[in-house]
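Results of the structural survey
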Amino acid sequence: ESCKRILWKKDIEQNLLCCPKCNFHFKMTSEARLAMLFDNGKYIEHDEAMSSPDPLEFVDRKTYRDRLTAAQIVTGAKDAVRVGEGSLDGRPLIACAMEFRFIGGSMGAVVGEKITRAIDRCIEKKLPLVIVSCSGGARMMEGTISLMQLAKISAALARFDEVQKPFISVLTNPTTGGTTASFAMLGDLNIAEPGALIGFAGPRVIEQTIRQKLPDGFQTAEFLLEHGMLDAIVPRTEMKAYLAKTLDFMGAWNSSTPRK
């Protein structure tokens, strides 16, 4: 149930943007997400200057260029994903975090390229990978170029599989569309935050297509876990410790890997 009490912003911020009363998970910026995962909140950001060239010169009610500029001003990012390299529990890790405030966390050519480069770095350095998804799916302003990123990232993950290092996919609210249809569900371990909306098409589209009423809680993380589509649901306050312990168990780091 939703919390109906007065909440203090400071209390929520100290609890990693989770309600201390009802455990509702508020959206977290990509920057804060990486800071939460890496030791002391410190990491090296890769490819932060990459931005879309507007390949289709797309225009609807606004030009795509104007939408990009507005999103860049609001988020301080050039596109909808940040890639960081740092330490988790003293061990090296590369992590990607999607930024929902940037055009709904949609996946265009830049998102595809940055995640693919992150995977290539993991292959080169033999490091584990964590991707935190928060996305509405493919970015319609880039058309087929956006859809190509689904195959591009999936192919990169297939190469990464040969290195035998783990990829953990963290699904947050929301993870939908092409993101779900590609890398978000391809983890060696797929985990989600409580209450996250996860699916491909939205529930209204599905109901209108099949002309049936969907079950209560359909497309929530809890529903997917119950039906075998997720491996675990992990509260945000436990996420870092869970990832560190799980990656260690999965052999992400050699016994000789020094702790920093």
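I will try to describe carefully the structure that is included in this document. (Residues numbered from 1 in each chain as written. Predicted model: local features only at pLDDT ≥ 70, side-chain atom pairs only at ≥ 80, totals over all residues. Heavy atoms only, no water.)

**Structural notes on the overall build of the chain**
This is how the line gets drawn: A run of H or I in DSSP becomes a helix once it reaches four residues, and a run of E becomes a strand once it reaches two; helices and strands are each numbered from the N terminus. Our radius of gyration looks at C-alpha atoms and nothing else; its globule reference is 2.2 Å times the residue count to the power 0.38. Buried means the residue's accessible area, taken with a 1.4 Å probe over protein chains only, is under 20% of the maximum for its type, while exposed means over 50%, and partly exposed covers the values in between. Note on definitions: a residue-residue contact is assigned when non-hydrogen atoms from the two residues lie within 4.5 Å. For the area figures, the Shrake-Rupley method with a 1.4 Å probe applies, and any residue is considered shielded solely by the protein chains shown. Positive charge is attributed to Lys and Arg, negative charge to Asp and Glu, and no charge count is given to His or to the chain ends. Taken as the charge centre is NZ of Lys, CZ of Arg, CG of Asp or CD of Glu, depending on the residue.
What the chain contains, in helices and strands, is 9 helices and 7 strands. Rg of the C-alpha trace for the chain: 18 Å, near the compact-globule value of 18 Å for 260 residues, within the 12% margin. Counting only C-alpha atoms and orienting by the principal axes, one finds that the chain spans roughly 55 × 45 × 40 Å. When burial is assessed residue by residue, the chain has 48% of its 260 residues classed as buried. A separation of at least 24 residues holds for 71% of the contacts in the chain among residues at least 6 apart in sequence. About 13300 Å² of surface is accessible on the chain, with carbon and sulfur atoms providing 54% of the total. Here the chain carries 33 positive and 31 negative side-chain charges, and the mean point of each set is 4 Å from the other.

**Quick look at helix α9 (residues 236–249)**
Put simply, the rule reads: For a helix, the expected span equals 1.5 Å multiplied by the number of residues minus one. The seven residues ending at a residue and the seven starting there each receive a fitted axis; the angle between those axes is the bend at that residue.
Taking 1.5 Å per residue as the helical rise, α9 with its 14 residues ought to reach 20 Å, and the 20 Å between its terminal C-alpha atoms agrees with that figure. By the largest-angle criterion, Tyr242 marks the main kink of α9, which is about 30°. Buried within α9 are the following residues: Arg236, Met239, Leu243, Ala244, Thr246 and Leu247. If you follow the buried residues of α9, they end up packed against α2 (30–37), β2 (81–88), β3 (91–98), β4 (129–135), β5 (167–175) and β6 (189–192).

**Structural notes on the packing of α2 against α9**
To be explicit about the condition: Working convention: axes come from line fits to C-alpha atoms, limited for helices to the stretch in contact. Angles between N-to-C directions cover 0 to 180 degrees. An angle counts as roughly parallel when it lies under 35 degrees, as roughly antiparallel when it exceeds 145, as roughly perpendicular when it falls between 65 and 115, and as oblique in every other case. All residues other than Ala, Val, Leu, Ile, Met, Phe, Trp, Tyr, Cys, Pro, Asp, Glu, Lys and Arg, Gly among them, are scored as polar; the first ten of these are nonpolar and the last four charged.
Two elements in contact, α2 and α9, have axes separated by 9 Å at closest approach and are oriented at 50°. Taken together, the axis directions place α2 and α9 in an arrangement best described as oblique. In this structure, α2 uses Arg33, Met36 and Leu37 to contact α9, whose residues at the interface are Arg236, Met239, Lys240 and Leu243. For the contact of α2 with α9, the class distribution of residues is 4 nonpolar, no polar and 3 charged.

**Describing the pairing of β4**
The side chains of a regular strand alternate between the sheet's two faces. Here is the rule we go by: Pairing between two strands is assigned when DSSP locates at least 2 bridges connecting them. Consider the strands pointing away from the viewer: the crossover is right-handed when the path from the first strand over the helix to the second runs clockwise.
Taken across its 7 residues, β4 has 7 buried, putting it largely inside the fold. Neither face of β4 is exposed, since Leu129, Ile131, Ser133 and Ser135 on one face and Val130, Val132 and Cys134 on the opposite face are all buried. Note: β3 against β4, 4 bridges, orientation parallel. Directly across from Ile94, in β4, lies its bridge partner Leu129. Handedness of the β-α-β unit built from β3, helix α4 (residues 109–125) and β4 comes out right-handed.

**What about the nonpolar core?**
Defined as follows: Residues belong to a common nonpolar core when they are buried Ala, Val, Leu, Ile, Met, Phe, Trp, Tyr or Cys residues joined through side-chain atoms within 4.5 Å.
The biggest cluster of nonpolar side chains holds 27 residues, and the ones touching the most others in it are Cys96, Ile115, Ile119, Leu129 and Phe183. At the level of elements, α3 (64–75), β2, β3, α4, β4 and α5 (143–161) are the ones that each hand at least two residues to this core. Setting aside its immediate chain neighbours within four residues, Phe183 contacts Met98, Met107, Ile115, Ile131, Ser133, Ile153, Leu157, Phe167 and Ser169. Grouped together as the second largest cluster of nonpolar side chains are 23 residues, Ile191, Ala232, Ala244 and Leu247 included.

**Examining the pattern of salt bridges**
Filter applied, for reference: In what follows, salt bridge is the name for a side-chain nitrogen of Lys or Arg lying within 4 Å of a carboxyl oxygen of Asp or Glu.
Taken as a whole, this structure holds 16 salt bridges when the rule is applied. In this structure, Lys240 engages Asp39 in a salt bridge whose closest nitrogen and oxygen atoms are separated by 3.1 Å. Of this pair, Lys240 sits in helix α9 while Asp39 sits in the loop between α2 and β1 (43–46); the two residues are 201 residues apart in sequence, bridging distant segments of the chain. Asp54 is the partner of Arg65 in a salt bridge, and the nearest nitrogen-oxygen pair spans 3.6 Å. Note that Arg65 is positioned in helix α3 and Asp54 in the loop between β1 and α3, a separation of 11 residues in sequence.

**Some thoughts on the pairing of β5**
Counting buried positions over the 9 residues of β5 gives 8, a clear majority of the element. Sheet analysis places β4 next to β5, joined by 6 bridges and oriented parallel. Note on β5: the bridge partner recorded for Val132 is Val170. The β-α-β motif built from β4, the intervening α5 and the parallel element β5 has right-handed crossover chirality. Strand direction decides the pairing type here: β5 and β6, joined by 4 bridges, are parallel. Pairing of Val170 across the sheet is with Ile191, part of β6.

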